[in-house]
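Residues per chain are reported as follows:
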Amino acid sequence: MLQCKPLRYLNLSHNELRETGGMVVGRALVNNDCLQDLDISWNHLRNKGATGICKGLKENVGLKRLDISWNGFSINGAKALGIALKKNRTLLNLNVSSNRIHPDALLLLMKGLTLNDSLTSLDLSKNPISNEAALACLIAVDITESMRLEDVNFGDIPVNEEFIKLKKSLEESRGMHVTHGPIMAIKPFKFKKEKPNAVSIDPHKVFFTHLNRKGMRLVDLFKRFDKGRRDHFILSKEQFKDGIASIQIPLTLGGMERIMENIETKNENYVDIAGLFETEKEFRRKVVRQRGSKKPQQTVMKQDSFDDESLKTTG
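Residues numbered from 1 in each chain as written. Predicted model: local features only at pLDDT ≥ 70, side-chain atom pairs only at ≥ 80, totals over all residues. Heavy atoms only, no water.

S.K.: Give a detailed account of the sheet that holds strand β2 (residues 37-39), specifying residues and quantitative values.
M.R.: Here we have seven strands laid out as an open sheet, ordered β1-β2-β3-β4-β5-β6-β7, and parallel in their pairing. Edge positions in the sheet fall to β1 (9-11) and β7 (177-179), since each of these pairs with one other strand and no more. With direction set aside, neighbouring strand axes in the sheet form an average angle of 0 degrees. Here strand β5 (residues 121-123) runs beside strand β6 (residues 151-153); their pairing, made up of three bridges, is parallel. (Pairing = 2+ DSSP bridges. Helix = DSSP H or I, 4+ residues; strand = E, 2+ residues; numbered from the N terminus. Axes fitted to C-alpha atoms, helices over the stretch in contact; angles between N-to-C directions.)

Pasting the structure below:
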């Protein structure tokens, strides 16, 4: 590979490269700028073998297509691949199917991929990726304008209606093609309609009061309905609504909308719940002050708290 300049395509699939072979091929990639298409699928590439390939890809300036399917990259390989993609600017087509890429591994891969502006095709099929992780991947594409992905293959992963909605949006706005498995039928949750004469109570107080009664913090709620395990707190509005519905906080639709308005991102389809952390801190300070107050508990409840019936009729 180092000396053969005319070589454009190399198929090393179905061999026993393993760790040593992977490191050798990786070193060769660093110094070769002529090879454009490399197939090293079915080679037991794991651990040092997988990371060796990624180190070579990081420095390579000629490869356009790389097939590393049917190996065992898993989380360490995915992390190394993400690091490589941060720097590589020539690779267009990447096949990482059947590589034990689970949701946590996909997160590490996406960290690097969101900083890549050259890759156009990504095959993630036959990996243990959940609907939530696949959706998180599409959200990352949607909010990262610099990404050039045109084709993403999730294989037979079952997806929900929210995934389909975002997929259609990306098809219309970017001409993107997304392959996925069957659509899961989930009955949508409906928030209560606001009553015409309902007493107006701050929905944030309703939200945090009930969250506190359930012994939960905001970050606990986020972990409950964000299966993608991202390193930020941006969610789609549908994800946020589903999370609130899952713990049955009695907000009206109007109350929910008012909360989301305050934490809406530049993309109106998403919210950043980090914007609620300061509100939560203030609420918890108030609860502590109430508990330390010398006033009778009954008086404090009338001034600063809410009974269950008033909460159920608010917005």
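S.K.: So what's going on with the packing of aromatic side chains? Which residues, and what values?
M.R.: Under the criterion given, the structure shown has four aromatic pairs. Each ring, one from W42 and one from W70, has its centre 4.5 Å from the other, and the planes form 10 degrees; the classification is stacked. Remark: W70 occurs in the loop between β3 (65-67) and α3 (74-87) and W42 occurs in the loop between β2 and α2 (47-59); sequence separation between them is 28 residues. By relative accessible area, W70 is classed as partly exposed at 38%. (Phe/Tyr/Trp six-rings, centres within 6.5 Å; stacked < 30°, edge-to-face > 60°. Buried < 20%, exposed > 50% of the residue type's maximum accessible area, 1.4 Å probe, protein only.)

S.K.: Describe in detail a positive patch on the surface, supporting the description with residues and values.
M.R.: A cluster of like positive charges, contributed by K58, K79, K86 and K111, occupies part of the molecular surface. Classification of K86 by relative accessible area gives partly exposed; the value is 41%. (Patch = residues over 30% accessible without salt bridge, like charges linked within 9 Å, V, L, I, M, F, W, Y side chains within 5 Å. Areas by Shrake-Rupley, 256 points an atom, 1.4 Å probe, with all protein chains shown as cover. Salt bridge = Lys/Arg side-chain N within 4 Å of Asp/Glu carboxyl O. Lys, Arg positive; Asp, Glu negative; His and termini not counted. Charge placed at Lys NZ, Arg CZ, Asp CG, Glu CD.)

S.K.: Talk me through the pattern of salt bridges; I want residue IDs and the actual numbers.
M.R.: Going through the model one piece at a time under the given rule, you end up with twelve salt bridges. With a closest N to O distance of 2.9 Å, E59 and K87 form a salt bridge. Of the two residues, E59 is situated in helix α2 and K87 in helix α3; the sequence distance between them amounts to 28 residues. We classify E59 as partly exposed; its relative accessible area is 33%. By relative accessible area, which is 44% here, K87 ends up partly exposed. Taking the shortest distance from any N to any O, the salt bridge between E282 and R285 comes out at 2.9 Å.

S.K.: Describe the side chain of D123, naming the residues involved and giving the relevant values.
M.R.: Within the secondary structure layout, D123 lies in strand β5. Residues within four places of D123 in sequence aside, it is in contact with L94, N95, V96, S97 and N153. (Contact = heavy atoms within 4.5 Å.)

S.K.: Provide a residue-level description of helix α4 (residues 103-113), including the pertinent values.
M.R.: Within α4, eight of the eleven residues are buried, leaving the element largely enclosed by the surrounding structure. Among the residues making up α4, those that are buried are P103, A105, L106, L107, L109, M110, G112 and L113. Where α4 is buried, its residues meet α3, β5 and α5 (131-143).

S.K.: Let's hear about the nonpolar core: which residues, and what values?
M.R.: Residues L94 and F154 are the most contacted members of the largest nonpolar core, which totals 56 residues. Every element with two or more residues in this core is listed here: α1 (18-31), α2, α3, α4, α5 and α6 (161-174). The element best represented in this core is α5, accounting for eight residues. With near-sequence residues (within four places) excluded, L94 lies in contact with L66, I68, L81, L85, L119, S121, L122 and D123. In this structure, V206, L218, I263 and V271 belong to the second largest nonpolar core, which totals 23 residues. (Core = buried A, V, L, I, M, F, W, Y, C linked by side-chain atoms within 4.5 Å.)

S.K.: Tell me about the packing of α2 against α3, and please be specific about residues and values.
M.R.: The geometry of α2 relative to α3 is characterised by a closest axis approach of 8 Å and an angle of 5 degrees between their N-to-C directions. Taken together, the axes of α2 and α3 are roughly parallel relative to one another. Contact with α2, carried on its side by N47, A50, T51, C54, L57, K58 and E59, involves N76, G77, A80, L81, I83, A84 and K87 of α3 and no other residues of that element. (Parallel < 35°, antiparallel > 145°, perpendicular 65-115°, else oblique.)

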